[in-house]
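# Architecture at a glance
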Amino acid sequence: MASVPLPFHAPARKASRQASMDARDDILVRVDHYIGIDVGTGSARACIINDKGDIVGLASENIGLWQPQTGYYEQSTSDIWRCICISVQRAISQHNIDPETVRGIGFDATCSLAVFSNVTDEPVSVTGPNFDSDRNVILWLDHRPVEETEEINATNHNLLRYVGGKMSVEMEIPKVKWLKNNMPKEIFDECKFYDLADALTHIATGNEKRSYCSVVCKQGFVPVGVDGSVKGWQEDFLAKIGLQDLAEDNFKRMGGIDGVNGDYLSAGELVGTLCEKAASDLGLPAGIAIGSGVIDAYAGWIGTVGAKVQLDSDQLTSNTPKNDKSQAFSRLAAVAGTSTCHLAMSPNPVFVPGVWGPYRDTIIPGYWMAEGGQSATGELLKHVIETHPAFHQALSVAESYNTNIYDYLNEHLREMKNERKALSISYLARHFFFYGDLWGNRSPIADSTMSGSVIGLSSDQSIEGLAIYYYATLEFIALQTRQIVETMNNAGHSISSIFMSGSQCQNDILVKLIASACNMPVLIPRYIHAAVCHGAAMLGAKAASADAECRTEDLWSIMDRMSKPGKKVAPTDDQNEKALLEIKYKVFLEQCQKQQEYRALVNNVVGPWKS
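Overview of the structure. Please read all numbers here as calculations on a predicted model, not as lab measurements. (Residues numbered from 1 in each chain as written. Predicted model: local features only at pLDDT ≥ 70, side-chain atom pairs only at ≥ 80, totals over all residues. Heavy atoms only, no water.)

### Concerning helix H2 (residues 146–153)
Buried residues of H2: Glu148, Thr149, Ile152 and Asn153, and no others. Relative to the axis of H2, the buried residues are bounded by an arc of 130° and lie together on one face. Set apart from the buried face of H2 by more than 90 degrees, the exposed residues are Glu147 and Glu150. Against helix H3 (172–182) and helix H7 (235–240) lie the buried residues of H2. (Buried < 20%, exposed > 50% of the residue type's maximum accessible area, 1.4 Å probe, protein only. Helix = DSSP H or I, 4+ residues; strand = E, 2+ residues; numbered from the N terminus. Arc of directions from axis to C-beta. Contact = heavy atoms within 4.5 Å.)

### Quick word on the packing of aromatic side chains
Counted by the stated rule, this structure contains 17 aromatic pairs. With 5.7 Å between their ring centres and 40° between their planes, Phe188 and Phe193 make a pair best called tilted. Phe188 gets classed as buried once you look at its relative accessible area, which sits at 2%. For Phe193, a relative accessible area of 0% gives the class buried. Seen from their ring centres, Phe434 and Phe476 are 6.0 Å apart, and the 65° between their planes marks the pair as edge-to-face. (Phe/Tyr/Trp six-rings, centres within 6.5 Å; stacked < 30°, edge-to-face > 60°.)

### Here's the deal with the pairing of strand S7 (residues 102–109)
Of all eight residues making up S7, eight are buried, and the element is well covered by its neighbours. Looking at chain direction, S7 and strand S14 (residues 289–291) are connected through two bridges and run parallel. Note on S14: the bridge partner recorded for Gly104 is Ala289. Bridge count between S7 and strand S15 (residues 294–295): two bridges; the pairing is parallel. Considered in S15, the bridge of Ala109 is made with Ile295. (Pairing = 2+ DSSP bridges.)

### Considering the side chain of Ser266
You can see Ser266 is positioned in the loop between strand S12 (264–265) and strand S13 (270–273). By relative accessible area, which is 3% here, Ser266 ends up buried. Residues within four places of Ser266 in sequence aside, it is in contact with Tyr212, Ser292, Asp361, Thr362, Ile363 and Pro365.

### Some words on the packing of helix H11 (residues 378–386) against helix H13 (residues 405–419)
Following both chains from N to C, one finds H11 and H13 inclined at 70°, their axes separated by 12 Å at the closest point. Here H11 lies roughly perpendicular to H13, going by the angle between them. Contacts from Leu381, Lys382 and Ile385 in H11 reach Ile405, Tyr406 and Leu409 in H13. Residue classes in the contact of H11 with H13 are distributed as five nonpolar, no polar and one charged. (Axes fitted to C-alpha atoms, helices over the stretch in contact; angles between N-to-C directions. Parallel < 35°, antiparallel > 145°, perpendicular 65-115°, else oblique. Nonpolar A, V, L, I, M, F, W, Y, C, P; charged D, E, K, R; others polar.)

### So, the sheet that holds strand S9 (residues 137–138)
The four strands lie next to each other as S6-S9-S8-S10, forming an open sheet whose pairing is antiparallel. Every other strand in the sheet has two partners, leaving strand S6 (74–75) and strand S10 (191–195) as the edge strands with one partner each. In terms of strand pairing, strand S8 (residues 113–117) meets S10 through five bridges, oriented antiparallel. Its bridge partner being in S10, Leu113 is matched across the sheet by Asp195. Along the sheet, H3 makes contact with S8, S9 and S10, crossing S8 at roughly 45°.

### Details of helix H16 (residues 508–518)
Counted residue by residue, H16 has nine buried out of eleven residues, so it is predominantly covered. Looking only at H16, the buried set comprises Ile509, Leu510, Val511, Leu513, Ile514, Ala515, Ser516, Ala517 and Cys518.

### Digging into unusual backbone geometry
Apart from glycine, the bulk of residues carry a negative phi angle, and the bulk of peptide bonds sit in the trans form. For the bond from Gly128 to Pro129, the omega torsion is 0°, close enough to zero to count as cis. Following the sequence through the fold, Pro129 ends up in the loop between S8 and S9. Note the cis peptide between Gly357 and Pro358, where omega equals 10°. Phi at Asn96 is positive, roughly 55°, even though this residue is not glycine. As for its position among the elements, Asn96 is in the loop between helix H1 (77–94) and S7. On the basis of relative accessible area, Asn96 is assigned to the exposed category, the value being 70%. Not every positive phi belongs to a glycine, and Asp227 is a case in point at roughly 55°. The exposure class assigned to Asp227 is partly exposed, which follows from its relative accessible area of 44%.

### Re the sheet that holds strand S19 (residues 368–374)
Read across the open sheet, the seven strands follow the order S18-S19-S17-S16-S22-S23-S24; overall the sheet is mixed. Strands with a single pairing partner mark the edges of an open sheet, and in this sheet they are strand S18 (356–360) and strand S24 (567–569). On average, each strand axis in the sheet is inclined to that of its neighbour by 25°, with strand direction left out of account. Against the sheet, H16 engages strand S22 (497–501), strand S23 (522–524) and S24, with an angle of about 160° to S22.

### Focus on the state of the cysteines
Working definition: the covalent bond between the sulfur atoms of two cysteines is a disulfide. Counted according to the given criterion, the structure contains zero disulfides. The thiol sulfur of Cys111 is not disulfide-bonded, and the nearest other cysteine sulfur, from Cys341, lies at 6.9 Å. Here Cys518 is not cross-linked by a disulfide; its sulfur's nearest cysteine counterpart is in Cys505, at 14 Å. According to the relative accessible area criterion, Cys518 is buried, its value standing at 10%. (Disulfide = S-S within 2.5 Å.)

### Structural notes on the environment of Ile498
Here Ile498 is to be found in strand S22. Using a relative accessible area of 0% as the deciding quantity, one classes Ile498 as buried. For Ile498 and Cys518, which are 20 residues apart along the polypeptide, the C-alpha to C-alpha distance reads 9.1 Å. Once residues within four sequence positions are removed from consideration, Ile498 is found in contact with Leu332, Ala334, Thr481, Ile514, Cys518, Met520, Pro521, Val522 and Leu523.

### What about the packing of H1 against helix H5 (residues 196–205)?
The interhelical angle for the contact between H1 and H5, taken along N-to-C directions, is 65°, at an axis separation of 11 Å. Taken together, the axes of H1 and H5 are roughly perpendicular relative to one another. For the pair H1 and H5, the sense of crossing is right-handed. In this structure, H1 contributes Thr77, Ile80, Trp81 and Ile84 to the contact, and H5 contributes Leu196, Leu200, Ile203 and Ala204. Broken down by class, the residue content of the contact of H1 with H5 amounts to seven nonpolar, one polar and no charged. (Left-handed = near helix turned anticlockwise from the far one by under 90°.)

Everything listed here is a matter of geometry and, on its own, says nothing about what the molecule does.
The structure is reproduced here in structure tokens:
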């Protein structure tokens with residue numbers, strides 16, 4: 001079921017003409033539609049696009065999130081599916097879309113672990129100690145398997161090369177290991193495991209097919225032929241970490257062996273068609289093509305990097321103005337919401353310390369993806385603002401202006417610049433140095449125990465003090481983005497532009513800071529609020545293009561056709577601000593390095609205290 005290279009003229013259903021029953025009426029044109037379903041940390045969204053890639057319908061519904069104790073985050077696929085159905089029905093009805101025109105559906109979701117019974121196919125609770133709730137999803141940001149993660153990384157198994165040298169506590173294998181350590185054996189032995197996106201395509205079709213994006217990026221699967229991999233799943237690795245029972249029946253509980261008792265697909269390849277039950281739930285006709293799903297950040301890559309933008313020649317990977325696939329190699333997708341993921345594609349594997357990957361076949365067959373990231377960016381900003389003494393005062397003023405706290409603080413910074421006759425906003429925070437790994441470091445340090453530090457903290461409890469602290473947090477996000485980009489480029493990538501999506505695109509000060517800190521343009525997509533689900537809808541278009549042999553149109557071709565022009569934000573041309581950011585970056589690196597050095601010094605002293 002591999003995609004075939006361009007040129008390929010897939011027999012996709014084109015817009016059809018239906019003759020009116022009344023000859024006096026004009027001929028009606030029926031346009032095909034595709035639905036993208038994005039399941040984020042807090043909501044499920046349905047996005048409907050037409051065959052030109054224009055968004056013609058959008059709706060969302062908040063999903064439940066349970067925190068039974070500190071560091072634990074759980075959800076329910078039953079609740080998620082209910083919210084998906086509400087979103088789809090609302091998008092269809094509110095925008096007067098004929099359900100019969102929907103040709104394909106694509107899913108993306110957070111990289112969370114979903115657990116079902118291998119016997120009944122019903123959800124299995126992940127909530128101890130009784131494991132009797134309907135919450136069968138351990139969310140990506142759940143940090144319960146810290147010890148299990150350390151044990152896995154202590155094996156130094158070769159496959160860890162493909163996750164930046166260490167598995168993250170956010171990945172799914174540590175969570176499976178935690179379940180084995182804490183579940184009654186008779187329950188665990190009947191569990192089968194999915195990445196959330198694969199669980200959704202399973203619910204939609206009834207099929208057990210898995211996506212390379214899910215298993216390669218988060219579950220320790222190494223595609224056949226990569227580094228001697230024969231079965232994809234690494235039996236010796238599972239044995240080393242105490243999960244050898246998952247290798248039974250040709251790894252059936254994880255999805256099986258490709259071509260034996262399993263089927264693995266790149267993004268958007270045909271999983272199957274919408275089954276009768278799921279169709280009834282969604283209010284759609286059965287038989288709609290369902291594309292192989294992806295992790296939400298990867299849908300952000302699909303929804304942004306194909307955008308048609310005017311870049312300088314030194315920011316392109318070839319001299320041709322054509323928006324061909326090679327242009328993706330120089331484009332970093334920054335999908336910025338609660339956290340930020342940084343994704344880059346390359347024609348060959350590039351190993352980067354502290355950056356997950358390289359992952360083959362996850363998006364486009366034969367190509368490699370790398371995934372860096374920041375554990376908390378939107379969440380970090382929220383935390384810094386809400387814990388400051390002036391938060392409630394600032395929120396009250398923002399509400400009086402009928403605006404949100406972020407826009408208010410941005411405007412307040414501009415007013416402070418003018419009042420103090422400062423050359424730039426950055427000058428206001430020149431002596432404030434904030435390092436913000438409050439939720440640990442995903443990239444490039446790959447250390448979940450990293451924390452934060454502040455130099456220049458004062459007793460200022462005013463809104464002005466809050467604004468400076470807020471700006472320093474924006475500055476930290478931008479400088480850490482530079483650190484990640486430089487680490488990737490030093491290892492062999494050729495990133496020269498950043499294609500940004502997610503809620504943080506709306507923050508003009510942050511976007512400009514990222515462009516200036518990294519000294520490269522940042523591109524903002526047309527659909528700022530919907531780039532991720534727009535990418536998911538393209539997966540539906542790819543699935544709908546499948547011919548009788550399940551060959552589908554090349555994904556880049558679809559991205560090129562359906563992506564919309566974006567807006568370019570250039571780095572600052574203020575030489576003073578550039579010089580200040582350069583010094584700030586030097587201090588940022590020292591804060592990062594000194595924290596590790598100080599912790600090592602203390603650990604050497606307190607180590608013997610442990611009994």
